[in-house]
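# Coordinates in review
One letter stands for each residue in the lines below.
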Amino acid sequence: MGINGQFPGPTIRAKAGDMVVVELTNKLHTEGVVTHWHGIRQFGTPWADGTASISQCAINPGETFIYRFKVDKAGTYFYHGHFGMQRSAGLYGSLIVDVEDGKKEPFHYDGEFDLLLSDWWHQSVHHQEVGLSSKPFRWIGEPQTLLINGRGQYNCSLAAHYSNSSSSQCRLRGSEQCAPHILHVLPNKIYRLRIASTTALASLNLAIGNHKMVVVEADGNYVQPFAVDDLDIYSGESYSVLITTNQDPSNNYWLSVGVRGREPKTPQGLTILNYHPNSASKLPASSPPVTPLWNDYNHSKSFTNKIFASMGSPKPPRNYDRRITLLNTQNKLNGYTKWAINNVSLTLPPTPYLGSIKHGLRNAFNQKNPPESFSNDYDVMKPPVNPNTTTGNGVYMLGMNTTVDIILQNANALSANVSEIHPWHLHGHDFWVLGYGEGKFSTKDEKKLNLKNPPLKNTAVIFAYGWTALRFVADNPGAWAFHCHIEPHLHMGMGVVFAEGIQHLNRIPLEALACGLTGKMLMTTNNHN
Ligand SMILES: O=C1O[C@H]([C@@H](O)CO)C(O)=C1O
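Numbers given for residues are sequential positions, taken from 1 along each chain in its written order. Under the rules for a predicted model, residues below a pLDDT of 70 receive no local features and side-chain atom pairs below 80 are neither given nor counted, while totals for whole chains, interfaces and linings still include all residues.

Turning to the domain arrangement of the protein chain, a few remarks are in order. You can read the domains of the protein chain as domain 1 (1–104), domain 2 (106–311) and domain 3 (322–512). Any pair of residues counts as being in contact when their C-beta atoms, constructed from backbone geometry, are within 7 Å of one another. Counting from both sides, the interface comprises 21 residues of domain 1 and, opposite them, 21 residues of domain 2. The numbering of helices and of strands both runs from the N terminus, where a helix is a DSSP run of H or I of at least 4 residues and a strand a run of E of at least 2. Of all elements in the fold, only β5 (75–81) and β6 (92–98) reach the threshold of two or more residues within the side of domain 1 that touches domain 2. For the side of domain 1 that touches domain 2, the leading source of residues is β5, giving five residues. Any residue that is not Ala, Val, Leu, Ile, Met, Phe, Trp, Tyr, Cys, Pro, Asp, Glu, Lys or Arg is counted as polar, Gly included; the first ten are nonpolar and the last four charged. The residue makeup of the side of domain 1 that touches domain 2, split by class, is eight nonpolar, 11 polar and two charged. Domain boundaries shown here were taken from an automatic or database domain assignment.

Okay, here's the thing in structure tokens:
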């Protein structure tokens, strides 16, 4: 698999129950690579047990690494880089899992398309990373282009403002390689669109002129079908929608993607639904669907609140064993700008967690349990009174098979009257989304939680000044990141680490131990043998 600028890696397609083998070669010259696979619970032998990006040593330049994993569940997934900001540099691709032989999807369709959405900056990710880690901090700003399957439109003459290398990247995109992927359809058929977002920053809204979409899947889980004119999708999420090509077949129709939740400075991403036998270059009769206003949060909430698990989906346990409340704040640390959770800004340790926990290396990361909640008098509607934070890399150690509730609590950022959207993604598990609400979560909200048909997802948004309640069963031995899927926010510390059942792992593969303190440990053992 190649890592080619903004061009996505290959689509990997498998059937539920299959064992998949992926060979990944790091062709970069100076940086290690780590990838994360949405929808995959465990990697298989010999890359055994519980490993995901935070449990893996980086694949060094020139090295080839073989991932082996079983795909458990049909659905729409993707993989992406999880080291520095490599995802926004183009390290991503689709992972599509079909139902196993002899089984059927619970809905019918005649054809399907993959739409992998991302955002694109002319400035290199290295430049962005340096800016984020500088004092004073330089924010990456809004993307120049929204990409659909790595393709987007931009006026190249404007790119000269940036840098030489970026204008050559822009030239690449100026050729027919950047022409949009056209969706060629026949009239009066049903198509499944598999839509996934790997954006570094942008929350998106997708719509197709004149066509309703019926949402049937979210993050690899079936949902109760519901029809919408447009769909919100946050970074880390995936959806399947069904469309029926029952409109005037002498026309083509625009599919548009626009920015939500942040004041957009990026043109819409566009492609065309091309009805056979029209020419794909025939422009649609009506203009592209207009993206809802970026701050029309009621529109977003009304979409999100329509998502329920389909009948027959697993139900959550009635009670939780442990509840962790995570307050998301923007902070300062010695003049640097950070994001923190319960006033701890995550800095990942150089030794992967899996090895350090299994081998009891007490110096590898903070041994204290991170805070379970935040002070009662914190006013989530105002900028932090004391904006200073601390850094840390402690682990929430979860009892194996216990039920854990997470209350994600949003707050005001550093500037007054600003609270931002954050899509939170959990590795290695799905969670039930029990509910969303406004302001600070309180015992009154408890009664409103949905225990009847909450959707299973692996990514869920917290709205501005709001809370989101999640429940999951800690049933997957390993060390797991839970973090904001906005790449610069993770870079600035917006994440936590959970671990469960690591003592149940028989063997940690050498590849997961070859770096940091565990690497030193291995070297000493080898020298003694
Ligand atoms: O992390 C962020 O920093 C900026 C802004 O808050 C400060 O410039 C922004 O919009 C973010 O999402």
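More follows now that the structure is in view.
This part covers the UniProt feature "domain: Plastocyanin-like" (unreviewed entry) in the protein chain. UniProt positions are given in the numbering used here, feature names are shortened, and annotations may be inferred rather than shown by experiment. Under the UniProt annotation, "domain: Plastocyanin-like" (unreviewed entry) lies at residues 1–99, 115–277 and 382–501. Helix makes up 8% of residues 382–501 and strand 44%. Its end C-alpha atoms lie 39 Å apart.

A few words on the sheet that holds strand β22 (residues 396–398). Strand order in this open sheet of five strands is β22-β30-β29-β24-β27, and the pairing throughout is mixed. Strands with a single pairing partner mark the edges of an open sheet, and in this sheet they are β22 and β27 (459–462). Within this sheet the neighbouring strands show an average axis-to-axis angle of 20°, counted without direction. One bridge is not enough; two strands pair if DSSP finds at least two bridges between them. Sheet topology places β22 next to strand β30 (residues 495–500); three bridges connect them, and they run parallel. In this analysis an axis means a line fitted to C-alpha atoms, helices contributing only their contacting stretch, and an angle means the value between N-to-C directions, from 0 to 180 degrees.

This part covers the sheet that holds β5. Pairing is mixed across the open sheet formed by four strands, whose spatial order is β1-β6-β5-β3. The outermost strands of the open sheet, each flanked by one partner alone, are β1 (12–15) and β3 (35–37). Across the sheet, the mean angle separating the axes of adjacent strands is 20° when strand polarity is ignored. With six bridges joining them, β5 and β6 adopt antiparallel strand pairing. Across the sheet, F78 pairs through a bridge with S94, a residue of β6.

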